[in-house]
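Read off the chains here:
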Amino acid sequence: MTTAPVLDRPTDAAAAPRRLRTYRTSLTRGQGRSGWLFLAPFGLFYIAFLLGPTVWMIVTSFFNTSTVRTGLGSFAGLANYAEMLGRSDFWSSLWHTLQFTLYTTPPLVILAFVFAVLTNRMNKGQWFFRLAFFLPFILPSATISLIWVFIFTPATGLFATIQSAIGMTPGSGMLSSPNTAMIGVAIATVWWTLGFNFVLYLAGLQEIPRELYEAAAVDGASNWQQIKSITLPLLGRTTTLVILLQIIASLKIFDQVYLMTNGGPGISTQVSLQLITGVGFTDNRLGAASAASVLLFIVIVAIAIIRQLVERAAAKREIGA
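Nothing here was measured: the structure is a model prediction, and the numbers come from that model. (Residues numbered from 1 in each chain as written. Predicted model: local features only at pLDDT ≥ 70, side-chain atom pairs only at ≥ 80, totals over all residues. Heavy atoms only, no water.)

Caption draft 1: Molecular detail of the overall build of the chain. Per the secondary structure count, the chain includes 13 helices and zero strands. Listing each helix as α and each strand as β along the chain from the N terminus yields α-α-α-α-α-α-α-α-α-α-α-α-α. Taken over 321 residues, the chain has a buried fraction of 35%. (Helix = DSSP H or I, 4+ residues; strand = E, 2+ residues; numbered from the N terminus. Buried < 20%, exposed > 50% of the residue type's maximum accessible area, 1.4 Å probe, protein only.)

Caption draft 2: Molecular detail of the UniProt feature "transmembrane region" (unreviewed entry) in the chain. The sites that UniProt annotates as "transmembrane region" (unreviewed entry) are residues 36-59, 100-119, 131-151, 181-203, 234-254 and 286-306. Structurally, residues 181-203 is divided into 100% helix and 0% strand, and its ends, taken at the C-alpha atoms, are 34 Å apart. Helix makes up 81% of residues 234-254 and strand 0%. Its end C-alpha atoms lie 34 Å apart. (UniProt positions renumbered as here; feature names shortened; annotations may be inferred.)

Caption draft 3: Looking closely at the nonpolar core. Ranked by size, the top nonpolar core spans 39 residues in total, and within it Met84, Tyr201 and Leu205 carry the most contacts. Secondary structure elements with two or more residues in this core: helix H2 (79-86), helix H3 (88-120), helix H7 (181-205), helix H8 (210-218), helix H9 (223-234), helix H10 (236-251), helix H12 (272-282) and helix H13 (286-320). For tyrosine 201, the contacting residues outside a window of four places in its chain are Val109, Ala112, Phe113, Ala116, Leu235, Thr238, Thr239 and Val242. Grouped together as the second largest cluster of nonpolar side chains are 16 residues, Ile144, Met174, Leu175 and Val271 included. (Core = buried A, V, L, I, M, F, W, Y, C linked by side-chain atoms within 4.5 Å. Contact = heavy atoms within 4.5 Å.)

Caption draft 4: Expanded view of unusual backbone geometry. Note that the residue after glycine 264, namely proline 265, is joined by a cis bond; omega there is -5°. Within the secondary structure layout, proline 265 lies in the loop between helix H11 (255-260) and H12. In this structure, asparagine 284 is a non-glycine residue whose phi angle is positive, near 60°. In this fold, asparagine 284 is placed in the loop between H12 and H13. For asparagine 284, a relative accessible area of 26% corresponds to the partly exposed category.

Caption draft 5: Spatial organisation of the environment of glycine 287. By secondary structure assignment, the location of glycine 287 is in helix H13. Counting along the chain gives 225 residues from glycine 287 to phenylalanine 62, while the straight-line C-alpha distance between them is 6.7 Å. Among residues more than four places away in sequence, those in contact with glycine 287 are Thr60, Ser61, Phe63, Thr65 and Asn80.

Caption draft 6: Region of the structure containing helix H5 (residues 141-151). For H5, every residue scored as buried is listed here: Ser141, Ile144, Ser145, Trp148 and Ile151. Looking down the long axis of H5, one finds its buried residues gathered within 125° of arc, a one-sided arrangement. Turned more than 90 degrees away from the buried face of H5 sit Leu146 and Phe150, all of them exposed. Looking at the buried side of H5, the elements it contacts are helix H6 (158-165), H7 and H11. (Arc of directions from axis to C-beta.)

Caption draft 7: Here's a closer look at a nonpolar patch on the surface. Taken together, Phe42, Tyr46, Ile47, Leu50, Leu51, Val55, Trp56 and Val59 make up a surface patch of nonpolar side chains, about 780 Å² in accessible area. In this fold, leucine 51 is placed in helix H1 (residues 12-60). (Patch = residues over 30% accessible without salt bridge, like charges linked within 9 Å, V, L, I, M, F, W, Y side chains within 5 Å. Areas by Shrake-Rupley, 256 points an atom, 1.4 Å probe, with all protein chains shown as cover. Salt bridge = Lys/Arg side-chain N within 4 Å of Asp/Glu carboxyl O.)

Caption draft 8: The arrangement of the packing of aromatic side chains in detail. Throughout the structure, instances matching the rule amount to 16 aromatic pairs. Geometrically, the ring pair formed by phenylalanine 113 and tyrosine 201 is edge-to-face, given 5.5 Å between the ring centres and 75° between the ring planes. Within this pair, whereas phenylalanine 113 is found in helix H3, its partner tyrosine 201 is found in helix H7, the two being separated by 88 residues in sequence. On the basis of relative accessible area, phenylalanine 113 is assigned to the buried category, the value being 14%. Taking the relative accessible area as the measure of exposure, tyrosine 201 reaches 1% and is therefore buried. Relative to phenylalanine 152, the ring of tryptophan 148 has its centre 5.4 Å away and its plane inclined at 40°; by these criteria the two rings are tilted. Ring pairs connect the aromatic residues Trp148, Phe152, Phe159 and Trp191, which therefore count as one cluster. The ring centre of tyrosine 213 lies 6.0 Å from the NZ or CZ of arginine 121, which sits over that ring. (Phe/Tyr/Trp six-rings, centres within 6.5 Å; stacked < 30°, edge-to-face > 60°. Lys NZ or Arg CZ within 6 Å of the ring centre and 35° of its normal.)

Put into structure tokens, the structure is as follows:
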């Protein structure tokens, strides 16, 4: 009596990899769905309050859109752009914006780095300096503006008092002169926003192993040599981030100028966003204001790209060297 042949069935060991792959695939799909669900609220806000208004700004820049009429209005083509590029106040406001950026970016980067290095070298009391530097940054712009308007008040302000104490004759006030008003706004901004860059640098410094400094000290390296050979190279990415964020933030200046000088004296401190606000909500010409916004956006993107290209070129030269 012969028995029927028995077919070989896959053993559990052979089926395990298949089951594992199936489990991993289902797990990956589940994680992907969970990830999209977590991102959905941010995505909705991003589309509703950033991407959507940006697209609407670009569209309305080609129309005679107004705040007193519904709809886009009549088609203007490039007329709004031509008007803005032909206006002297547009170019002066753009120059004032760049001027403010030049006044604020170097001190906000250099001072933040210096104070962060000094604070990081302290064994005790770091919390106090973190609080002292970062506390002004959490104050609203209106509060900061009122403080510094009081400081720069002619004759009775703190600045005039200091001038009198050191034998100088107080003038008409820092904010009252077209030659010094932007400098006054820049000083207030540096005092106000220094803490943000300070915290970024301090976080980067605390990621550097202290063993590197100890080894350098054993080899006889001075403090400056340690900063030059260890701190600066290892904080390269942090410095790039700080500079880029600071340039973009300075190019978007509005609050301090509006509250401290309202663009004056005359239009000596009028910046691009203040001009855009005036055209859009005072003259009720949203189309022209949108065109000016697009031009400012192009300038910001161009400066950011140039900054990145310069940084990459410097990095390539260091690698090549």
